[in-house]
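Residue-level structural notes
Here is how the chains run, residue by residue.
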Amino acid sequence: MEKKEFSCTREGLTIRGTEYRRDRKEGQQERQPIAVVCHGFGGNQYDLVFYAEAFAEIGYAVYCFDFCGGSVVGKSDGSSLDMTIDTEAADLKAVLDYAKSLPYTEEKHILLAGGSQGGYVAGIVAAERAAEIERLILFYPALCIPDDARAGRLGGANYDVNRVPEAIDTFGVRIGRKFHEGVVDKDPLAQICGYGGPVLLIHGSEDMLVNVRYAKAAAAAYENCHLQILQGAGHGFSRQQREQVIVSVREFLKGHREILCIRVQITGSEEKQEGDETVCLIHFEGDCENEYFKGRILPGAVDEQRYRQGQQVSVRASYELEGRDCKGNACRIGIVNQKAEDGCFRPQVQTDSPELAFLNHSTLLAALEFYPGGLTVRIFAE
């Protein structure tokens, strides 16, 4: 992967960051789509590098940068006392314009992505430049910021909203009164909902800094948003959770839809020996609820995992769901989900629902999100 530093300016301040691009073959001429990635409060350009590198591998020219005054340790100019949501939005627009000006980028295909405060900022800019932005990905966006300002607790601080100090000491970052004044009267949903393109919003169910209710409200406000709640995750994801999320991100960028979201709870397990193989049978129950289907897993669901000399050689989950499809019609869905040679899970589905009959002959992919005691199975289709 190619990496190189870049810089651009905004009102006399220099914004510095890193460009990530997939290694290109000699003579390759086609332009690359653009992805701009925004870090959160007090963070820096490396906080979301995992996603930046994934975007680059997909084929994007990716731009991560430090907001001016927005990092505890950052390379861009500016003081944290001058940083506001508006200055960060201006920084993002400057980086976006820089990326569009390059001879090897394709300005008709632009992805914005951001985490926490950077997600809030990306949402604002996507709405303000809706005609330019093709897709938007938000990781646990900090849409709580205006409410936090109204309560006098920006960034975990505690201050009197009737006597806001010139400088507010938060967790690791000193911000100015102008930050508070810039958001205290804002409605974040009104700021972001002007974007009508596809949105993927991923939020942890156990986020203690930004309650998941903000993500649910945003998903309802957007015209075209898929909300993915990561069970057991907090504000920021572990490496394993990030790897699980990347599957959903790739499917979203391909334009594929999440058709089924199945919540699985493990109820027991047993082990037996068959020749030179150890067979582990994992029993489970659960339910499914989304726009396409609502129902439960019928008794008898089992995940068969085979091991030879301690190495896993196959995984095959077989189960049946009973419930109602998107038209309210009673139906059943049978699923056999097993790991293919490429390491991906490729489920096969049979259903008696006319509305979901396309699943019977679709090429499907399943993403597994593990948490203590169970997992979420997400099945995607073109």
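First, a word on scope: everything that follows refers to the structure included in this document.

Moving on: the overall build of the protein. Counting its secondary structure elements, the protein contains eight helices and 19 strands. A compact globule built from 382 residues should have a C-alpha radius of gyration of about 21 Å, and the protein, at 23 Å, falls within 12% of that. For the protein, the spread of C-alpha atoms along the three principal axes comes to 70 × 60 × 45 Å. Across the 382 residues in the protein, those meeting the buried criterion constitute 51%. Relative to all contacts within the protein whose residues are 6 or more apart in sequence, the contacts with residues 24 or more apart total 62%. As displayed, the protein has an accessible area near 17,500 Å², and 45% of this comes from carbon and sulfur atoms.

With that settled, the discussion passes to the pattern of salt bridges. The tally for this structure, following the rule as stated, stands at 32 salt bridges. Note that Arg308 is salt-bridged to Glu277, the shortest N-O span being 2.3 Å. Highlighted residues: Arg308 in strand E14 (residues 302-308) and Glu277 in strand E12 (residues 277-289), separated in sequence by 31 residues. When salt bridges with common partners are traced through the structure, they connect Lys272, Glu274, Asp276, Glu277, Glu304, Arg306 and Arg308 into a single cluster.

Quick look at the packing of helix H2 (residues 85-101) against helix H3 (residues 117-128) now. Their axes nearest at 9 Å, the elements H2 and H3 cross at an angle of 65 degrees. Considering the relative orientation of H2 and H3, their crossing is right-handed. Of the residues in H3, those in contact with Ile85, Glu88, Ala89, Leu92 and Lys93 of H2 are Gln117, Tyr120, Val121, Ala122, Ile124, Val125 and Glu128.

As a further point, take the side chain of Ser353. Assignment of secondary structure puts Ser353 in the loop between strand E17 (348-351) and strand E18 (364-371). A distance of 2.7 Å separates the side chain of Ser353 from the side chain of Asp325, its partner in a polar contact. Setting aside residues no more than four positions away along its own chain, Ser353 makes contact with Asp325 and Cys331.

What follows covers the environment of Tyr159. Mapped onto the fold, Tyr159 is located in the loop between helix H4 (145-151) and strand E7 (167-169). For the pair formed by Tyr159 and Ala149, sequence separation is 10 residues and the distance between their alpha carbons is 9.4 Å. Ignoring sequence-local partners within four residues, the contact set of Tyr159 consists of Ala149, Gly152, Arg153, Leu154, Val164, Pro165, Ile168 and His180. A distance of 2.8 Å separates the side chain of Tyr159 from the side chain of His180, its partner in a polar contact.

Attention now moves to the pairing of strand E9 (residues 199-204). Here E9 lies mainly inside the structure; six of its six residues are buried. Side chains Val199, Leu201 and His203 project from E9 onto one buried face, and the interleaved Leu200, Ile202 and Gly204 project onto a second face that is buried too. Relative to E9, strand E6 (residues 135-139) runs parallel, the two sharing four bridges. Counted as the bridge partner of Leu138 is Leu201 from E9. Across six bridges, the pairing between E9 and strand E10 (residues 225-230) is parallel. From the neighbouring strand, Ile202 faces E10, where its bridge partner is Gln228. What joins E9 to E10 is helix H7 (residues 212-221), and the crossover it makes is right-handed.

Despite not being glycine, Tyr140 has its phi angle at roughly 35 degrees, a positive value. Summarising the element assignment, Tyr140 is placed in the loop between E6 and H4. At Gln309, a position not held by glycine, the phi torsion is positive, near 55 degrees. If you trace the backbone, Gln309 turns up in the loop between E14 and strand E15 (311-325). By relative accessible area, Gln309 is classed as exposed at 80%.

Once that is clear, we can look at the nonpolar core. Membership of the largest hydrophobic core comes to 57 residues, with the highest contact counts inside it found for Tyr63, Phe65, Leu92, Leu112 and Leu136. Not counting residues within four places of it along the chain, the set of residues in contact with Phe65 comprises Phe6, Ile15, Arg16, Gly17, Val36, Val37, Cys38, His39, Gln45, Asp91, Leu92 and Val95. The next biggest cluster of nonpolar side chains, apart from the first, holds 28 residues, and it includes Leu321, Val349, Leu359 and Ala381.

About the cut-offs
Along each chain, numbering runs from 1 in the same order as the chain's sequence is written. This being a predicted model, a pLDDT of at least 70 is required before a residue's local features are given, and a value of 80 or more before pairs of side-chain atoms are given or counted; all residues contribute to the totals for chains, interfaces and linings. Excluding hydrogens and water, the side-chain figures rest on all heavy atoms present in the structure. The numbering of helices and of strands both runs from the N terminus, where a helix is a DSSP run of H or I of at least 4 residues and a strand a run of E of at least 2. The globule rule is 2.2 Å times the number of residues to the power 0.38, and the radius of gyration it is compared with is taken over C-alpha atoms. Throughout this description, buried means an accessible area under 20% of the type-specific maximum (1.4 Å probe, protein chains only), exposed means over 50%, and partly exposed covers the range between. Here, residues are in contact when the closest pair of their heavy atoms is within 4.5 Å. Working definition of accessibility: Shrake-Rupley area with a 1.4 Å probe, residue cover restricted to the visible protein chains. Just to be clear on terms, a salt bridge is a Lys or Arg side-chain nitrogen sitting within 4 Å of an Asp or Glu carboxyl oxygen. For every element, the axis is a line fit to its C-alpha atoms; helices are fit only across the contacting stretch, and the angle between N-to-C directions ranges from 0 to 180 degrees. By convention the crossing between two helices is left-handed if the near helix lies anticlockwise of the far one by an angle smaller than a right angle, and right-handed if it lies clockwise. Under the rule applied, a polar contact is a pair of N or O atoms within 3.5 Å (in protein, one hydrogen donor and one hydrogen acceptor; residues adjacent in sequence only if both atoms are side-chain atoms). In short, DSSP must find at least two bridges between two strands for them to pair. Handedness of a crossover is defined as follows: orient the strands so they point away from the viewer, and if the path from the first strand over the helix to the second runs clockwise, the crossover is right-handed. What is meant by a nonpolar core is a set of buried Ala, Val, Leu, Ile, Met, Phe, Trp, Tyr and Cys residues, joined one to another through side-chain atoms within 4.5 Å.

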